[in-house]
Amino acid sequence: MNITLKQAQQIVMEAMEFSEKKNFKMNITIVDSGANPVAFARMDGAWLGSADISLKKAKTAVFFQMDTKEISPLVQPGKPLYAIEHSNNGLITFPGGMVIKNADGNMIGAIGVSGGSVDEDHSVAEAAIKGFSK
């Protein structure tokens, strides 16, 4: 099961509305359950380099079926997934990527957000998913 374009656009809008309230300038990417891009927005003034990071955060969440915030501790030196970010043409394993699930709890895609601190990125992704789940 995959996220629809309409759902992806709704999540992007939720992310942008939250970001605007917080005065964040973000890149927001939605991918389907196969890690294929479905929707993207680069807010005015958002860093150009963060567009790729937002995509890689979303892909990472799909590839491992978990939020990047949960993956981050596993990739530290001496941990089981150390250096995994060099696989799959580059992964991003710090917060800002979150799995998107449907009402039945099945993963249908992921969001990746980049442009602020990792805490800001994660807060935008979280708010977008909560807004979508209402």
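Our subject is the structure listed above.
Just so it is clear, the model here is predicted, and its values are computed rather than measured. (Residues numbered from 1 in each chain as written. Predicted model: local features only at pLDDT ≥ 70, side-chain atom pairs only at ≥ 80, totals over all residues. Heavy atoms only, no water.)

A. Structural context of the pairing of strand β2 (residues 37-42). With 5 bridges connecting them, strand β1 (residues 27-32) and β2 associate as antiparallel partners. Across the sheet, the residue bridging to I30 is A39, located in β2. Counting the residues between successive antiparallel strands, the hairpin from β1 to β2 contains 4 residues, one of them, A35, with a positive phi of roughly 70°. (Pairing = 2+ DSSP bridges. Helix = DSSP H or I, 4+ residues; strand = E, 2+ residues; numbered from the N terminus.)

B. Representation of the packing of helix α1 (residues 5-22) against helix α4 (residues 118-133). Across the interface, α1 lies against α4 with an axial gap of 8 Å and an inter-helix angle of 130°. Overall, the two elements α1 and α4 adopt an arrangement that is oblique. In terms of crossing hand, the pair formed by α1 and α4 is right-handed. When α1 is examined against α4, the residues Q7, Q10, I11, E14, A15, F18 and S19 are found in contact with a partner set consisting of S123, V124, A127, A128, G131 and F132. Residues of the contact of α1 with α4, tallied by class, amount to 7 nonpolar, 5 polar and 1 charged. (Axes fitted to C-alpha atoms, helices over the stretch in contact; angles between N-to-C directions. Parallel < 35°, antiparallel > 145°, perpendicular 65-115°, else oblique. Left-handed = near helix turned anticlockwise from the far one by under 90°. Contact = heavy atoms within 4.5 Å. Nonpolar A, V, L, I, M, F, W, Y, C, P; charged D, E, K, R; others polar.)

C. How the structure looks around the pairing of strand β3 (residues 97-101). Taken across its 5 residues, β3 has 4 buried, putting it largely inside the fold. Taking the residues between adjacent antiparallel strands as the criterion, β3 and strand β4 (residues 107-114) are bridged by 5 residues, where G105 takes a positive phi near 85°. (Buried < 20%, exposed > 50% of the residue type's maximum accessible area, 1.4 Å probe, protein only.)

D. Main features of the pattern of salt bridges. Under the defined criterion, the tally for this structure stands at 2 salt bridges. Notably, a salt bridge pairs D121 with K57, separated by 2.8 Å at the nearest N-O pair. Here K57 lies in helix α2 (residues 50-64) and D121 lies in helix α4, a separation of 64 residues in the sequence. Under the relative-accessibility criterion, D121 is labelled buried at 2%. (Salt bridge = Lys/Arg side-chain N within 4 Å of Asp/Glu carboxyl O.)

E. The arrangement of the side chain of D32 in detail. As for its placement among the helices and strands, D32 is situated in strand β1. The contacts of D32, once residues within four sequence positions are left out, are N2, I3, V38, V62, I108 and G109.

F. Molecular detail of the environment of M107. Looking at the secondary structure, you find M107 in strand β4. Those residues in contact with M107 that lie beyond four places of it in its chain are M1, S33, V62, Q65, V99, I100 and K101.

G. Seen up close, the side chain of D67. Among the structural elements, D67 can be located in the loop between α2 and α3 (68-71). Here D67 is buried and forms no salt bridge, its nearest opposite-charge partner K101 lying at an N-O distance of 7.5 Å. Polar contacts involving the side chain of D67 include one to the main-chain amide nitrogen of V99, which spans 2.9 Å. If near-sequence neighbours (up to four positions away) are discounted, D67 is found in contact with G97, M98 and V99. (Lys, Arg positive; Asp, Glu negative; His and termini not counted. Polar contact = N/O pair within 3.5 Å; in protein donor to acceptor, adjacent residues only side chain to side chain.)

H. Focus on the environment of S87. With respect to the element layout, S87 can be found in the loop between α3 and β3. Taking the relative accessible area as the measure of exposure, S87 reaches 25% and is therefore partly exposed. Looking at S87, its side chain comes within polar contact range of the side chain of N88, at 2.9 Å.

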